[in-house]
Amino acid sequence: MKWVADAVRQTQWLGKAWRFYERVASTQDEAKAWVQRGAPHGALVVADAQTQGRGRWGRSWFSPPQTNLYLTVAVRLPSHHPPLGTLSLLVGVAVAEALRRRFAVPAEVKWANDVVVGGKKLAGVLVERFTAWALIGLGLNVNLPPDAFPEELKMTATSVQAVSGKPVDRSEALAAILVGLEAWWDRWARDDIDPLWSAFAALDFLRGKEVQVVLPDGSTVKGSADGVASDGALRLRLTDGTVRLFVAGDVTVRLTAICPAAP
């Protein structure tokens, strides 16, 4: 597909080997099968539509055809590398920065795997370890007008087109993201992630907000989001001032009631 070929011309090594599918169950599954058959480092799988695209905790991803970006990059993990939990944040930063630079979209990163605009989900990241590899999956809403979202998503999701007010060239979006991801990966693979913390802090959607964390076991914890730890865990400051760290959980911002001023 020409638009994918045009995009990967702008990278140094990422995506130089790529495969395009009009329709797949999941780009993650296709990338995993390719790795098993001998994929090169930086192999890229792109699809026009997914039938079983998934996010964190096995959630489905709304995947209409020829509209958005659905992709997975397969990268070989170096023998020594930062905690894998930092990789999802790195991908989020790379995507948010790319969208800001190329399309002036005020994207932010929402721990641990989302890119948002005004709290509405723009992209989802899924990082899976597979043997000595990391499979970096991304679903980005590109050319979905607001009225194209299902009713259950209209209040919680958005797209590059909806934010910018005009259709977007998917090749340009793909190229911007791959170039940014390549640069950040090169730092991560050298264990040079100090710049990540300042970049993430500048894009941290949750920082300072009152949030609720739903844990995998269904229990909930409330507190104020206070950035992330060095392993990528969420820092949550509780009402008593103590700080707890969470490596997994579903975070929602708590709405604070506004009381009218006394007469």
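Given the structure is predicted, the values throughout are model-derived calculations rather than measurements. (Residues numbered from 1 in each chain as written. Predicted model: local features only at pLDDT ≥ 70, side-chain atom pairs only at ≥ 80, totals over all residues. Heavy atoms only, no water.)

1. Examining the packing of helix α3 (residues 85–103) against helix α5 (residues 170–189)
This is how the line gets drawn: For helices, the fitted line uses only the C-alpha atoms of the stretch in contact; every axis is such a line through C-alpha atoms, and the angle between N-to-C directions lies from 0 to 180 degrees. Runs of H or I in DSSP of at least four residues are treated as helices and runs of E of at least two as strands, each being numbered from the N terminus. In what follows, roughly perpendicular refers to angles from 65 to 115 degrees, roughly parallel to angles under 35, roughly antiparallel to angles over 145, and oblique to any angle outside these ranges. Helix crossings fall into two classes, left-handed where the near helix is turned counterclockwise from the far one by less than a right angle and right-handed where it is turned clockwise. Note on contacts: a residue pair is in contact if any heavy atoms of the two residues lie within 4.5 Å. Classification used: nonpolar for Ala, Val, Leu, Ile, Met, Phe, Trp, Tyr, Cys and Pro, charged for Asp, Glu, Lys and Arg, polar for all others including Gly.
Contact geometry for α3 and α5: axes closest at 8 Å, N-to-C directions at 140 degrees. Classified by the angle between their axes, α3 and α5 sit oblique to one another. The way α3 lies across α5 gives a crossing that is right-handed. The residues of α5 that touch α3, namely those facing Thr 86, Leu 87, Leu 90, Val 91, Val 93, Ala 94, Val 95, Glu 97, Ala 98, Arg 101, Arg 102 and Phe 103, are Glu 172, Ala 173, Ala 176, Ile 177, Gly 180, Leu 181, Trp 184, Trp 185 and Trp 188. Along the lines of polarity and charge, the residues of the contact of α3 with α5 split into 15 nonpolar, two polar and four charged.

2. Here we look at the confidence of the model for the chain
Short version of the rule: Along the chain, pLDDT gives the predictor's confidence residue by residue, from 0 to 100.
Taken residue by residue, the chain gives an average pLDDT of 92. The fraction at 70 or more is 93%. Segment residues 257–263: pLDDT under 50, and zero contacts once partners within four positions in sequence are set aside and those in other chains are kept.

3. Here we look at the sheet that holds strand β10 (residues 234–237)
Counted only if it meets this: Only when DSSP finds a minimum of two bridges between them are two strands counted as paired.
If you walk across this open sheet you meet the five strands as β11-β10-β9-β8-β12, and the pairing is antiparallel. In this open sheet, the two strands that pair with only one neighbour each are β11 (243–246) and β12 (250–253). Within this sheet the neighbouring strands show an average axis-to-axis angle of 45 degrees, counted without direction. For strand β8 (residues 210–214) and strand β9 (residues 220–228), the ladder comprises five bridges, and the chain directions are antiparallel. Bridge pairing links Glu 210 to Ser 224 in β9.

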